[in-house]
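The lines below spell out each chain.
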Amino acid sequence: MISVSFIFFSFCSASALLLTSYVVYHVIIAPRFNPLRKLAGPPLNGPLHNHMSPVLDPFRSPRTHAAYVEKYGRNVRIRGLGPWDERLLPLDPVSVAHVLKNSTIYEKPWQSRRLITSLIGCGMLAAEGHVHKRQRRVATPAFSIQNMRALVPLVFSKGEELKDKWMNMSQAVKEENVASEKQNSGQVEIDICHWISRATFDVIGLAGFDYNFNAIQNESDELFAAYKEMFEIAVSQGDAVRTVLGIYFPILNNLFPDERAKTVHRCQETIRRVAGKLVQQKKSRIIDEQKSGSAYTGKDLLSLLLKSNIATDLPPDQRISDEDILHNINTFMFAGSDTTSLALTWTFLLLAKHPDLQTRLRTELLSIAPTTPISRLSSEETESLHNTLQNLPFLNNVCRESLRLIPPVHSSLRVATQDDEIPVSYPVHLSDGTISEQKSISVSKGSFVHVPVEAFNLDKGMWGPNAWDFDPDRWDHLSEDVLSLPGLYSNLLTFSAGPRSCIGMRFSMIEMKTFLYILLTTFSFTETDKRIYKANVVLTRPYVSGQFKKGSQCPLIVTPLESIATS
């Protein structure tokens, strides 16, 4: 009779053999037949070497991408995490447009989706296929031009609140200087990144689900603290190796949670409890008012999402669950606060580095300033002011140039769900040193495509020899090459392109232009003696040299214009 131990040993041996065969095939055999190996690419210094650091580090990536184009053409083979991970780095606009347009063929990898889902749930950032299509269909009406315009007075009110907060900080410094008989110019060092982030959290809280974090005044709200801690500490300050292990072996975070996993879990519990209750309360109110025959007039995104989701013209199988609603609110919180606050932060830093351009922009903004204080304008007057703001040429140029030069999203990753042919518009450099006039590149199922957002925005071959400089006037005379580039916004990949492009682009631009208007017409901004550098930590964030562990910072000297005028 066959013993139990023999059966167990045979099972373990067979499992080990299957696992070994799987690893050998995917690590050694399959990569040898990957068609991407035919492409030219940078050399490797060893079997475990990869190209991720020079490609992903914003301090090095502009030079890296420029060197790759010069040596290897506009479709480059790079090494990912291991010998099995040969990736395509397309710097050809036709190739990138094809990848972003065909979102059902090129999806976000399961690794990216698992990381996003573990933090904010399976909203539009993580969903793929029919799930993403259904969520996007429900959410699209909420982001209509009409609905976005209705939020303009809210954005102005929060901009004014931030302005008042900074004025109070300046006044406190001035009074302190008077008491100590120092010069009382009122200038104060402010961490722009920190304070604008608090303001954009306030905006998206009210615009997202009619909830006032009151973050500009203090940081005590538990829902604000949960979102902020999860986005900043758990994401930005997490251990990279442990994060990767958690993606591939999620059971690790359950059995042996580290501080990051504990933080995420605690924050998620708060979000589910507080935000989940808000969803149910809002849903009940909408249903009750529908039953009474009156229309619910809430303008926040949650109200609009819920109304869209229960609309009679939406088939039942196209509706999304309350859990999906909450996941998408979490997505809006992340995408609507962090990315916009970083875009504004980088813009203020660039203007501080170029005081002549700052003065020029301020002059344009002051030219449309109403005689009545913004706080006393009606909603109609505020919307009229915003409409004028939208059409200011130099403001448009500054916003576009800032978003071009330092896009908050440095790059993104896609994986081919089937074998495909990616079209090209430039000659293809091959690994044997020859240059081919082929019309497409073969990509096998499972291959990663690295979409280089920053590289496209900084490509000297497209934008000219001063592509790495801050030059808002370039937008008055764009080349034909630039005008042919893919992108949802001004031929830039900053808001992506195709079916998965940023649904909140309009709202982001409302915030950006409004905050620039209110703050630049009240304060001047100059650099401190602290060196600010860029780091790609989920998003491209500013850090003070030698203070990475303190998180994102961008200190600037902020001086009220009235103090400058009287000094």
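All values derive from a computational prediction rather than experimental measurement.

Novice: So what exactly am I meant to see when it comes to the overall build of the chain here?
Specialist: Of regular secondary structure, the chain possesses 23 helices and 14 strands. What you see for the chain is a C-alpha radius of gyration of 26 Å, in line with the 24 Å of a compact globule of 567 residues. With respect to the principal axes defined by its C-alpha atoms, the chain has extents near 90 × 60 × 50 Å. Sorting the 567 residues of the chain into buried and exposed places 53% on the buried side. Put simply, of all contacts in the chain between residues at least 6 apart along the chain, 73% involve residues at least 24 apart. Counting every atom, the chain has about 26,100 Å² of accessible surface; 56% of that belongs to carbon and sulfur. The distance from the centre of the 60 positive side-chain charges to the centre of the 58 negative ones in the chain is 5 Å.

Novice: Which parts of the structure should I look at to understand the pairing of strand β10 (residues 448-451)?
Specialist: Taken residue by residue, a regular strand's side chains alternate between the two faces of the sheet. Side chains of β10 alternate between two faces, with F448 and H450 and V449 and V451 buried alike. With two bridges connecting them, strand β2 (residues 86-90) and β10 associate as parallel partners. By the bridge assignment for β10, R87 is matched with F448. Taken together, the four bridges between strand β5 (residues 412-416) and β10 define a ladder with antiparallel strand orientation. For V415, the partnering residue across the bridge sits in β10 and is F448.

Novice: Mind showing me how you'd approach the packing of aromatic side chains here?
Specialist: Where two aromatic rings form a pair, the distance of their centres and the angle of their planes describe that pair. Summed over all chains, the structure comprises 19 aromatic pairs. Between F201 and F213, the aromatic rings sit 6.1 Å apart at their centres with planes inclined by 80°, giving edge-to-face as the arrangement. Placement of the pair is F201 in helix α9 (residues 192-209) and F213 in the loop between α9 and α10 (222-236), with a sequence separation of twelve residues. Taking the relative accessible area as the measure of exposure, F213 reaches 1% and is therefore buried. Taken together, F201, F209, Y211, F213, F224 and Y227 form an aromatic cluster joined through their ring pairs. The ring of W463 has R404 lying over it, and the distance from NZ or CZ to the ring centre is 5.3 Å.

Novice: Would you explain the sheet that holds strand β3 (residues 106-107) in this entry?
Specialist: Strands belonging to one sheet form pairs held by backbone hydrogen bonds; the direction of such a pair is parallel or antiparallel. With respect to topology, five strands assemble into an open sheet ordered β1-β2-β10-β5-β3, the strand pairing being mixed. For this open sheet the edge positions go to β1 (75-79) and β3, each flanked by a neighbour on one side alone. Where β1 lies against β2, five bridges are found, and the strand directions are antiparallel. From the neighbouring strand, R77 faces β2, where its bridge partner is L88.

Novice: What's the story with the pairing of β2 in this structure? I'm lost.
Specialist: Burial analysis of β2 places five of its five residues in the buried class, which makes it a mostly covered element. Of the two faces of β2, the one lined by E86, L88 and P90 and the one lined by R87 and L89 are each fully buried.

Novice: How should I be thinking about a nonpolar patch on the surface in this particular structure?
Specialist: Taken together, the side chains of L81, W84, W110, V241, V244, L245, Y248, F249, I251, L255 and F256 make up a nonpolar region of the molecular surface, amounting to roughly 1,100 Å² of accessible area. Counting residues per element, the ones that place at least two in the nonpolar patch are α11 (240-248) and α12 (251-255). Considering each element in turn, the nonpolar patch owes the most residues, four residues, to α11. Relative to the elements of secondary structure, L255 occurs in helix α12.

Novice: What am I meant to see in the environment of E380 here?
Specialist: Turning to its location among the elements, E380 is positioned in helix α17 (residues 379-390). Owing to a relative accessible area of 60%, E380 belongs among the exposed residues under this scheme. Between the C-alpha atoms of E380 and V152, which are 228 residues apart in sequence, the distance is 9.8 Å.

Novice: I would appreciate a short explanation of helix α3 (residues 61-72) in the present structure.
Specialist: Residue pairs spaced three or four apart in an α-helix point in one direction, given the helix's 3.6 residues per turn. The terminal C-alpha atoms of α3, which comprises twelve residues, lie 15 Å apart, in line with the 16 Å expected from a rise of 1.5 Å per residue. The set of residues buried in α3 consists of S61, P62, T64, H65, Y68 and Y72. Viewed along the axis of α3, the buried residues span an arc of 165°, placing them on a single side of the element. Seen from the open side of α3, the exposed residues pointing more than 90 degrees away from its buried face are E70 and K71. Turning to α3, the residues buried within the fold contact α2 (52-56), β1, β2, β7 (428-429) and α19 (453-457).

Novice: How do you make sense of the pattern of salt bridges when you look at a structure like this?
Specialist: Close approach of charged atoms lets side chains of opposite charge pair. For the structure shown, the criterion picks out 23 salt bridges. Between D202 and K158 there is a salt bridge whose closest N-O contact spans 3.2 Å. Taken together, the residues span a long stretch of sequence, with D202 in helix α9 and K158 in helix α8 (residues 152-179) at a distance of 44 residues. Each of R77, R79 and E86 takes part in salt bridges that share partners, so that together they form one network.

Novice: So what exactly am I meant to see when it comes to the sheet that holds strand β4 (residues 188-191) here?
Specialist: Strands sit in the order β4-β14-β11 across an open sheet of three strands; the sheet is antiparallel. Among the strands making up the open sheet, the edge pair consists of β4 and β11 (523-527). Here the strands of the sheet are splayed against their neighbours by 40° on average, with no regard to which way each runs. Taken together, the five bridges between β11 and strand β14 (residues 555-560) define a ladder with antiparallel strand orientation. Considered in β14, the bridge of T526 is made with I557. Of the strands in this sheet, β4, β11 and β14 touch α9, which is tilted by about 60° from β4.

Cut-offs and rules
- Every residue gets a number counted from 1 within its own chain, in the order that chain's sequence is written.
- In keeping with the predicted nature of the model, local features appear solely for residues at pLDDT of at least 70, side-chain atom pairs appear and are counted solely at 80 or more, and the whole-chain, interface and lining totals rest on all residues.
- To get the side-chain values, all heavy atoms of the structure are used, and hydrogens and water are removed first.
- Helix and strand labels come from DSSP, where a helix needs a run of H or I of at least four residues and a strand needs a run of E of at least two; each type is numbered from the N terminus.
- Throughout, radius of gyration means the C-alpha value; the globule benchmark is 2.2 Å times the number of residues raised to the power 0.38.
- Relative accessibility under 20% of the residue-type maximum defines a buried residue, over 50% an exposed one, and the middle range a partly exposed one, all with a 1.4 Å probe and only protein chains included.
- Should any heavy atoms of two residues lie within 4.5 Å, those residues are considered in contact.
- Surface exposure here means Shrake-Rupley accessible area, sampled with a 1.4 Å probe, where a residue is shielded only by the protein chains that are shown.
- Neither His nor the chain ends is counted toward charge; the positive residues are Lys and Arg and the negative residues Asp and Glu.
- Charged groups are reduced to one reference atom each: NZ for lysine, CZ for arginine, CG for aspartic acid, CD for glutamic acid.
- Only strands that DSSP links by at least two bridges are regarded as paired with each other.
- Each aromatic pair joins two rings of Phe, Tyr and Trp (for Trp, the six-membered one) with centres within 6.5 Å, and gets the label stacked for planes under 30 degrees apart, edge-to-face for over 60, and tilted for any other angle.
- Counted as over-ring charges are cases with an Arg CZ or a Lys NZ within 6 Å of the ring centre that also lie within 35 degrees of the ring normal.
- Put simply, a patch holds well-exposed residues, over 30% relative accessible area, that have no salt bridge, with like charges counted together within 9 Å and Val, Leu, Ile, Met, Phe, Trp or Tyr side chains within 5 Å.
- Should a side-chain nitrogen of Lys or Arg be within 4 Å of a carboxyl oxygen of Asp or Glu, the pair is scored as a salt bridge.
- The span expected for a helix works out to 1.5 Å for each residue beyond the first.
- Here the arc refers to the directions that run from the helix axis out to each C-beta atom.
- Orientation is described by axes fitted as lines to C-alpha atoms, over the contacting stretch for helices, and by angles from 0 to 180 degrees between their N-to-C directions.

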